[in-house]
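As a plain string of letters, each chain reads:
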Amino acid sequence: MKSLRVALAGLLLAVLATLVRAEDVLYLFIWNTYLSEDTVRRFETQCRCRLNQDFYSDNEEMLAKLEAGAIGYDLIVPTGNAVETLLRKKALRPLDKTKLPNLKNLKTEFRDPWYDPGLRYAVPYATSVTLLGYNATRLAERGLPTDTWALIFEPQHLEKLKGKVTVLNSQRELMAAAMKYLGYSVQETDPARWEEAKRMILRAKPYWANFSNSTYIKDLAIGNIWVAHGYSSDMYRAQQDALEARRPFRIDFRTPKEGAVLAVDSFVLHQSGGRPDLAHQFINFMLDGANAADVSNLIGAGNPNAAATPHILPEIARNPGIFPPSEELQRLEMLRDFDPKTRRALSRMWTEIKVR
């Protein structure tokens, strides 16, 4: 009987352990295609937990979902201006750096960002440039330039591309591209200059196929579109997909000479999350050099992690669309949050752009 009781007690403990482990779930709210399946599997094996991912394709979409009452996310991966917004709303938990020994692996230039001085709330994960991806073969056949925003804004070029261009379905990103082309800062607050950008967008809109935050990757890779305004990591994916499929054309991407938006996406802990312990464990795992390199090697994102550099494939590390050289970095700007008055004005402009 004693041995039976011991066996039953052991079975009960095993069942309880299984039930406890079943509750070990990390809820992550992240950009589409921003975390490889291999990375997820390695983390789940190490932590003996499950990683549950929900996806968004734009910072505004993520913020709107949270504003509408979405709760329970342990980790979110917003861009700098969205981190600024979340901090203003007091929606984030401070980091416990004692649980992040791999924080030392971050490059010096990413350790004191303007949106979170001293990294009290945010840990940089990946960088991207919002640029132009294009079908180099088709554009060369038509004698079109590939180094300027004029490609998506000027009718003289668009007449040769009608129905073959997509732009991001993002107020801030599209307006920023227009502002850079016009020679203004993406942080411009003069309403007259934003109005100028809006008129230029409306002039170009009839030539575009659609506004897209994700489908442009496939459409560019299979040849349905020839020019896409989007993120460098997405353009890398489209390029590799076309190569693997042996398409009879070449996909390339580059930063327009007028400048563009640089984004730094960071891990942050949301106040509504129930597992800050798992969140810290995941961040520290992703700060390991070999794990951090995955976002570059598999997804084509830039990398703020110095320990990742030896693990990044040379052809990716030297791609200027992913890791901009110093002369290009001077022409890049990060988006920042606006005051309420400017946000309302831009929202009205965006509504007009979308409905006309």
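Cut-offs used in this document
Residues numbered from 1 in each chain as written. Predicted model: local features only at pLDDT ≥ 70, side-chain atom pairs only at ≥ 80, totals over all residues. Heavy atoms only, no water. Helix = DSSP H or I, 4+ residues; strand = E, 2+ residues; numbered from the N terminus. Rg over C-alpha atoms; globule rule 2.2 N^0.38 Å. Buried < 20%, exposed > 50% of the residue type's maximum accessible area, 1.4 Å probe, protein only. Contact = heavy atoms within 4.5 Å. Lys, Arg positive; Asp, Glu negative; His and termini not counted. Charge placed at Lys NZ, Arg CZ, Asp CG, Glu CD. Polar contact = N/O pair within 3.5 Å; in protein donor to acceptor, adjacent residues only side chain to side chain. Pairing = 2+ DSSP bridges. Right-handed = clockwise from strand over helix to strand, strands pointing away. Salt bridge = Lys/Arg side-chain N within 4 Å of Asp/Glu carboxyl O. pLDDT = per-residue confidence, 0-100. Core = buried A, V, L, I, M, F, W, Y, C linked by side-chain atoms within 4.5 Å. Phe/Tyr/Trp six-rings, centres within 6.5 Å; stacked < 30°, edge-to-face > 60°. Lys NZ or Arg CZ within 6 Å of the ring centre and 35° of its normal.

## Looking at the overall build of the chain
Inference 1: The secondary structure content of the chain amounts to 17 helices and eleven strands.
Inference 2: For 356 residues, the compact-globule estimate of 2.2 N^0.38 gives 21 Å, and the chain sits close to it at 22 Å.
Inference 3: Along the first, second and third principal axes, the C-alpha atoms of the chain reach 90 × 50 × 40 Å.
Inference 4: Among the 356 residues that make up the chain, the fraction classed as buried is 54%.
Inference 5: Within the chain, counting contacts between residues at least 6 apart in sequence, those at least 24 apart form 73% of the total.
Inference 6: In the chain, 47 side chains carry a positive charge and 42 a negative one; their mean positions are 2 Å apart.

## Focus: the environment of Met334
Inference 1: Following the sequence through the fold, Met334 ends up in the loop between strand 11 (332–333) and helix 17 (340–355).
Inference 2: Classification of Met334 by relative accessible area gives partly exposed; the value is 25%.
Inference 3: Taking C-alpha positions, Met334 is 5.1 Å from Leu262, a pair spaced 72 residues apart along the chain.
Inference 4: Excluding residues within four positions of it along the chain, Met334 makes contact with Trp114, Val186, Gln187, Leu262 and Val264.

## Considering the side chain of Asn59
Inference 1: Here Asn59 lies in helix 3 (residues 59–67).
Inference 2: Of the polar contacts made by the side chain of Asn59, one reaches the side chain of Thr79; its length is 2.9 Å.
Inference 3: Filtering out sequence-adjacent residues up to four positions away, Asn59 remains in contact with Trp31, Pro78, Thr79, Asn81 and Ala82.

## Considerations on the pairing of strand 2 (residues 50–56)
Inference 1: Here seven bridges tie strand 1 (residues 25–31) to strand 2, and the two strands are oriented parallel to one another. Each bridged residue has a counterpart across the sheet, and for Leu26 the counterpart in strand 2 is Leu51.
Inference 2: The parallel pair strand 1 and strand 2, bridged by helix 2 (residues 37–47), forms a crossover whose chirality is right-handed.

## A word on the pattern of salt bridges
Inference 1: The tally for this structure, following the rule as stated, stands at 18 salt bridges.
Inference 2: The partner of Arg41 in a salt bridge is Glu37, and the shortest N-O contact between them spans 4.0 Å. With Arg41 and Glu37 both in helix 2, this residue pair falls four residues apart, about one helical turn.
Inference 3: What makes Glu37 exposed here is its relative accessible area of 62%.

## A look at the confidence of the model for the chain
Inference 1: Confidence along the chain averages 92 in pLDDT terms, with 94% of residues attaining 70 or more.
Inference 2: Residue range residues 13–22 is modelled with pLDDT below 50. Its contacts to residues more than four positions away, or to other chains, number one contact.

## Considering the nonpolar core
Inference 1: Ranked by internal contacts, the top residues of the largest apolar core, which has 112 residues, are Tyr34, Phe153, Trp208, Val227 and Phe282.
Inference 2: Looking at which element gives the most residues to this core, the answer is strand 5 (residues 122–135), with eight residues.
Inference 3: If we skip the residues at most four places from it in the chain, Phe282 touches Leu26, Leu28, Leu35, Phe43, Leu51, Leu75 and Phe267.

## Digging into the packing of aromatic side chains
For any pair of aromatic rings, the description rests on two quantities: the centre-to-centre distance and the angle between the ring planes.
Inference 1: Throughout the structure, instances matching the rule amount to 15 aromatic pairs.
Inference 2: Between Phe29 and Tyr56, the ring centres sit 4.8 Å apart and the planes meet at 75 degrees, which makes this aromatic pair edge-to-face. Residue Phe29 is found in strand 1, and its partner Tyr56 is found in strand 2; the two are separated by 27 residues along the sequence. The residues Phe29 and Tyr56 share a single accessibility class, namely buried.
Inference 3: One aromatic cluster is present, formed by Tyr34, Phe43, Tyr125, Phe267, Phe282 and Phe285 through successive ring pairs.
Inference 4: The ring of Phe211 has Lys354 sitting right over it, with the charged end atom 5.1 Å from the ring centre.

## A few points about helix 10 (residues 215–222)
Inference 1: Among the residues making up helix 10, those that are buried are Tyr216, Ile217, Asp219, Leu220 and Ala221.
Inference 2: Buried residues in helix 10 make contact with strand 5, strand 6 (165–167), strand 8 (227–231), helix 11 (232–244) and strand 9 (251–254).
Inference 3: Trailing helix 10 by a residue or two, Gly223 shows a phi angle of about 95 degrees, which is positive.

## Structural notes on the environment of Asp74
Inference 1: Here Asp74 lies in the loop between helix 3 and strand 3 (75–76).
Inference 2: C-alpha separation for the pair Asp74 and Tyr27, spaced 47 residues apart in sequence, amounts to 5.2 Å.
Inference 3: Each residue touching Asp74, except ones within four places of it in the same chain, is listed here: Val25, Leu26, Tyr27, Val268, Leu269, His270, Gly273, Gly274, Arg275, Pro276 and Ala279.

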